[in-house]
Amino acid sequence: MSCDLPIGVFDSGVGGLTVAKEIMSRLAGERILYFGDTARVPYGSKSKETITEYSRQIVRFLLSQGVKVIVVACNTASALAVDAVRKEFDVPILDVVNPGAQAAAQITKNGSIGVIGTEATIRSGMYSKLLYSINPDLNIYSKACPLFVPLAEEGWIYDSVTKEVARRYLEEFQGKGVDTIVLGCTHYPLLRNLIRDVVREVLGEGITLVDPAVETAKKLKQLLAGQDLFSGKEQVPEHTFYVSDGAEKFRSLANSILPCNVIETKDVTIKTFE
Ligand code: DGL
């Protein structure tokens with residue numbers, strides 16, 4: 001495996017850019033090859049079989065371009081598809097759910113954790129399963145927040161409509177005493193300021209929001225070190241962005257999220273990677 005190859009990162013849309021951003025800030029010399037499945041977003045309302053097939057196609061596409069490691073920057077694909085996909089491809093594949101669960105279990109002081117994510121992620125029970133395997137005495141409360149993804153994709157990141165939606169969802173945790181909430185969807189850190197304010201309003205002060213993206217970037221750094229895969233470059237590299245639809249809309253959102261200038265986003269017919 002060549003150290004010069006980029007890191008493949010994928011999500012159903014723009015959410016994975018929150019992971020790409022953390023990777024860029026911690027691994028400044030690494031090139032990223034990003035794929036956002038904008039034609040088929042959201043994944044969160046789809047079945048395990050469909051999400052697994054989509055993930056397979058994307059991994060094939062990333063490998064066809066040449067990548068040294070793949071980061072599944074999507075909690076839904078991480079929760080439902082990663083196990084199957086890991087068995088099929090000979091490339092290191094990192095998910096975002098394991099690092100997020102480990103961080104939440106370490107951060108909580110009173111053992112009560114809220115998890116928010118897509119319908120599919122919450123239905124999979126993956127966060128609860130991992131958290132209970134780390135500490136069976138934890139109390140886990142989960143809530144699917146399906147409207148957050150379209151609101152984030154629309155760029156309504158601090159909007160009164162999004163705020164009202166957040167109130168309705170987060171009221172679910174009232175009276176549960178959670179001191180930690182996992183942002184269990186990579187789109188949600190885009191709404192982080194709004195979620196933080198609504199959490200204060202609805203649940204009170206002192207609740208920590210856990211962003212699995214940060215933990216995943218740390219894990220990636222360890223993996224590259226362990227497998228001797230660092231690029232060894234120091235200058236800011238050129239990243240590449242692909243989507244399955246709406247390249248121009250994606251480019252403008254990406255430029256509002258990332259610290260680099262996204263000059264071009266290319267379209268890929270992803271379903272041909274069967
Ligand atoms: N951003 C993704 C996640 O982390 C998926 C959102 C969706 O496509 O529903 O779950």
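One can find the structure itself at the top, above this paragraph.
Residues numbered from 1 in each chain as written. Predicted model: local features only at pLDDT ≥ 70, side-chain atom pairs only at ≥ 80, totals over all residues. Heavy atoms only, no water.

(A) Expanded view of the packing of helix α1 (residues 17-26) against helix α11 (residues 212-226). At a closest axis distance of 8 Å, the pairing of α1 and α11 adopts a crossing angle of 45°. Taken as axis vectors, α1 and α11 run oblique relative to one another. Taken as a pair, α1 and α11 cross one another with a handedness that is right-handed. Taking contact as the criterion, the partners of Thr-18, Val-19, Glu-22, Ile-23 and Arg-26 in α1 are, on α11, Ala-213, Val-214, Thr-216, Ala-217, Lys-218, Leu-220 and Lys-221. In terms of residue class, the contact of α1 with α11 is made up of six nonpolar, two polar and four charged. (Axes fitted to C-alpha atoms, helices over the stretch in contact; angles between N-to-C directions. Helix = DSSP H or I, 4+ residues; strand = E, 2+ residues; numbered from the N terminus. Parallel < 35°, antiparallel > 145°, perpendicular 65-115°, else oblique. Left-handed = near helix turned anticlockwise from the far one by under 90°. Contact = heavy atoms within 4.5 Å. Nonpolar A, V, L, I, M, F, W, Y, C, P; charged D, E, K, R; others polar.)

(B) The pattern of salt bridges, seen in detail. According to the stated counting rule, one finds 18 salt bridges in the structure shown. Among the ionic contacts, a cluster of salt bridges with common partners joins Glu-164, Arg-167, Arg-168 and Glu-201. (Salt bridge = Lys/Arg side-chain N within 4 Å of Asp/Glu carboxyl O.)

(C) How the structure looks around the packing of aromatic side chains. One pass over the full model with this rule turns up nine aromatic pairs. Ring geometry for Tyr-34 and Phe-241: centres 6.2 Å apart, planes at 40°, overall tilted. Here Phe-241 lies in strand β9 (residues 240-243) and Tyr-34 lies in strand β2 (residues 32-36), a separation of 207 residues in the sequence. What makes Phe-241 buried here is its relative accessible area of 2%. Centroid distance Phe-61 to Phe-273: 5.3 Å. Interplanar angle 75°. Geometry classified as edge-to-face. Of this pair, Phe-61 sits in helix α2 (residues 48-65) while Phe-273 is found in the segment after β10 (265-267), placing the two residues 212 residues apart along the sequence. Its relative accessible area of 2% is what places Phe-61 among the buried residues. Here the aromatic residues Phe-35, Phe-61, Tyr-242 and Phe-273 are joined through ring pairs into a cluster of three or more. Note that Arg-40 overlies the ring of Tyr-54, its terminal NZ or CZ placed 3.7 Å from the centroid. (Phe/Tyr/Trp six-rings, centres within 6.5 Å; stacked < 30°, edge-to-face > 60°. Buried < 20%, exposed > 50% of the residue type's maximum accessible area, 1.4 Å probe, protein only. Lys NZ or Arg CZ within 6 Å of the ring centre and 35° of its normal.)

Structural measurements only, silent on function.
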